[in-house]
Amino acid sequence: VRHLIDPLDLSVSEIDDLLNLADDISAHPQKYAHACDGKKLATLFYEPSTRTRLSFETAMLNMGGSVMGFHSASTSSATKGESVADTIRVVSCFADICAMRHPKEGAPRRAAHFSKIPVINAGDGGHQHPTQTLTDLMTIRCKKSRLHDLTIGLCGDLKFGRTVHSLIKSLARYSGIRFILISPEELRVPGYIIDEVLRPQNIPFQEVRSLDEVLPKLDILYMTRVQKERFFNEEDYVRLKDSYVLTAEKMKAAKPDMYVLHPLPRVNEISLDVDDDPRAAYFDQVQNGVYVRQALILRLLGVKLPC
Ligand code: CP
């Protein structure tokens, strides 16, 4: 059984295959309308979600399959003390594939260990979010026509931002990628990303505090929310939450073909006046998220593709 727990579970050629398939699904949705007839997806969400859960469910429904699941730990037997291992053994009896979000880093990997069906990590704590990365890669490729030779700015909460960690791990495997990591001191990218991903592969990167100084250099600006739910202390959150606010005025300094991505939800970090800028790509990401999840479900289930 194949799982997707970490972005490195996919080779670059498998990522390219998934993105090509997602492009085909986007161009010919009807072709895939019955590709998952009779298949069931379980969404096991121990943490809140709007996009990831609904896009997984939409992906399965778009292909004729059905969906089941729970949307918070409080409506599952986790509240009675049931372990992730026992939960997945049970779900393996009901579903063909599952997507799991959990506040604990490593919970989906533990689930995969006990699972008879493919487990997809839909976000584990401040660790990884590999299907958001597929969404991001599809959007970058669509906007820039390539995934290589790009200067990528990642801005905001780089410490707890699981989408940032997964995106760096994936993009680092493409040639000519340069990262500019923009954050307050307290929210810098974790040491393991620098020591285990960037330095060993000699990927050029710089860590800076000011967005304004680097904005004109960027091909992609990946904004992130400062995540209240990951802070131990309200005072620190309040101090850091508005560290960066991208506005239409600031966008004047960016390249005409620089695109702004954000995994969403946003709070204040992108002002509403940026939404009308043709370089705002964050709602395209949401739509692309359905196509890449359709592609992933098809590949993990080993469905024979319609001609
Ligand atoms: N991008 C993302 O993971 O959004 P949700 O938390 O709404 O699923």
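- Within an unreviewed UniProt entry, the label attached to the chain reads Aspartate carbamoyltransferase, and the organism entered is Caproicibacterium lactatifermentans.
- Listed in UniProt under the heading Sequence similarities (unreviewed entry), the comment for the chain reads: "Belongs to the aspartate/ornithine carbamoyltransferase superfamily. ATCase family."
- Under Catalytic activity (unreviewed entry), UniProt gives the following word-for-word description of the chain: "carbamoyl phosphate + L-aspartate = N-carbamoyl-L-aspartate + phosphate + H(+)".

1. Here's the deal with the side chain of Asn121
Then comes step 1: Structurally, Asn121 can be placed in strand S4 (residues 119–124).
Then comes step 2: One polar contact links the side chain of Asn121 to the main-chain carbonyl oxygen of Ile5, over a distance of 2.9 Å.
Then comes step 3: Here the side chain of Asn121 touches Gly123 through a polar contact of 2.7 Å, landing on its backbone nitrogen.
Then comes step 4: Those residues in contact with Asn121 that lie beyond four places of it in its chain are Leu4, Ile5, Met100, Pro108, Gln128, Pro130 and Thr131.

2. Let's talk about the packing of aromatic side chains
Then comes step 1: This structure, assessed with the given rule, holds two aromatic pairs.
Then comes step 2: Taken together, a centroid distance of 5.1 Å and an interplanar angle of 85° make the contact between Tyr46 and Phe70 edge-to-face. Residue Tyr46 is located in the loop between strand S1 (40–45) and helix H2 (51–62), and its partner Phe70 is located in strand S2 (residues 66–70); the two are separated by 24 residues in the primary sequence.
Then comes step 3: For Tyr46, a relative accessible area of 10% translates into the label buried.
Then comes step 4: The ring of Phe56 has Arg293 lying over it, and the distance from NZ or CZ to the ring centre is 5.0 Å.

3. Remarks on the environment of Arg162
Then comes step 1: Within the secondary structure, Arg162 sits in helix H6 (residues 162–171).
Then comes step 2: A relative accessible area of 7% places Arg162 in the buried class.
Then comes step 3: Measuring from C-alpha to C-alpha, the distance between Arg162 and Pro130 comes to 8.7 Å, with 32 residues separating the pair along the chain.
Then comes step 4: Residues contacting Arg162, with those up to four places away along its chain left out, are Glu47, Arg101, Gly123, Asp124, Gly125, Gly126, His127, Gln128, His129 and Arg230.
Then comes step 5: There is a polar contact of 3.1 Å between the side chain of Arg162 and the side chain of Glu47.

4. Description of the layout of surface pockets
Then comes step 1: In this structure, the largest pocket encloses a volume near 390 Å³.
Then comes step 2: Residue lining of the largest pocket: 22 residues in total, with Arg101, Arg162, Arg225, Leu264 and Pro265 positioned closest to the centre.
Then comes step 3: Residue assignment for the lining of the largest pocket shows that the elements contributing at least two residues are H2 and H6.
Then comes step 4: In the lining of the largest pocket, the residues fall into four nonpolar, ten polar and eight charged.
Then comes step 5: Roughly 180 Å³ of volume is contained in the second largest pocket.
Then comes step 6: For the second largest pocket, the lining is made up of 13 residues, of which Leu44, Phe70, Thr87, Val90 and Val91 are closest to its centre.
Then comes step 7: Secondary structure elements with two or more residues in the lining of the second largest pocket: S1, S2 and helix H3 (84–94).

5. As for the sheet that holds strand S3 (residues 97–102)
Then comes step 1: Strands sit in the order S2-S1-S3-S4 across an open sheet of four strands; the sheet is parallel. Here the strands that pair on one side only, and so sit at the sheet edges, are S2 and S4. Taking the axes of each pair of neighbouring strands and ignoring which way they run, one obtains an average angle of 15° across the sheet.
Then comes step 2: The pairing of S3 with S4 spans four bridges and is classified as parallel. Directly across from Cys98, in S4, lies its bridge partner Val119.
Then comes step 3: Contacts from H2 reach S1, S2, S3 and S4, with the element oriented near 175° to S1.
Then comes step 4: Strands S3 and S4 of the sheet are contacted by helix H4 (residues 107–114), whose axis makes an angle of about 165° with S4.

Analysis parameters
Residues numbered from 1 in each chain as written. Predicted model: local features only at pLDDT ≥ 70, side-chain atom pairs only at ≥ 80, totals over all residues. Heavy atoms only, no water. UniProt positions renumbered as here; feature names shortened; annotations may be inferred. Helix = DSSP H or I, 4+ residues; strand = E, 2+ residues; numbered from the N terminus. Polar contact = N/O pair within 3.5 Å; in protein donor to acceptor, adjacent residues only side chain to side chain. Contact = heavy atoms within 4.5 Å. Phe/Tyr/Trp six-rings, centres within 6.5 Å; stacked < 30°, edge-to-face > 60°. Buried < 20%, exposed > 50% of the residue type's maximum accessible area, 1.4 Å probe, protein only. Lys NZ or Arg CZ within 6 Å of the ring centre and 35° of its normal. 1 Å grid on protein atoms, 1.4 Å probe; cavity = no way out; pocket = protein on both sides within 12 Å on 5 of 7 lines; lining within 4 Å. Points joined across faces, edges and corners; volume = space filled by probe spheres on them. Nonpolar A, V, L, I, M, F, W, Y, C, P; charged D, E, K, R; others polar. Pairing = 2+ DSSP bridges. Axes fitted to C-alpha atoms, helices over the stretch in contact; angles between N-to-C directions.

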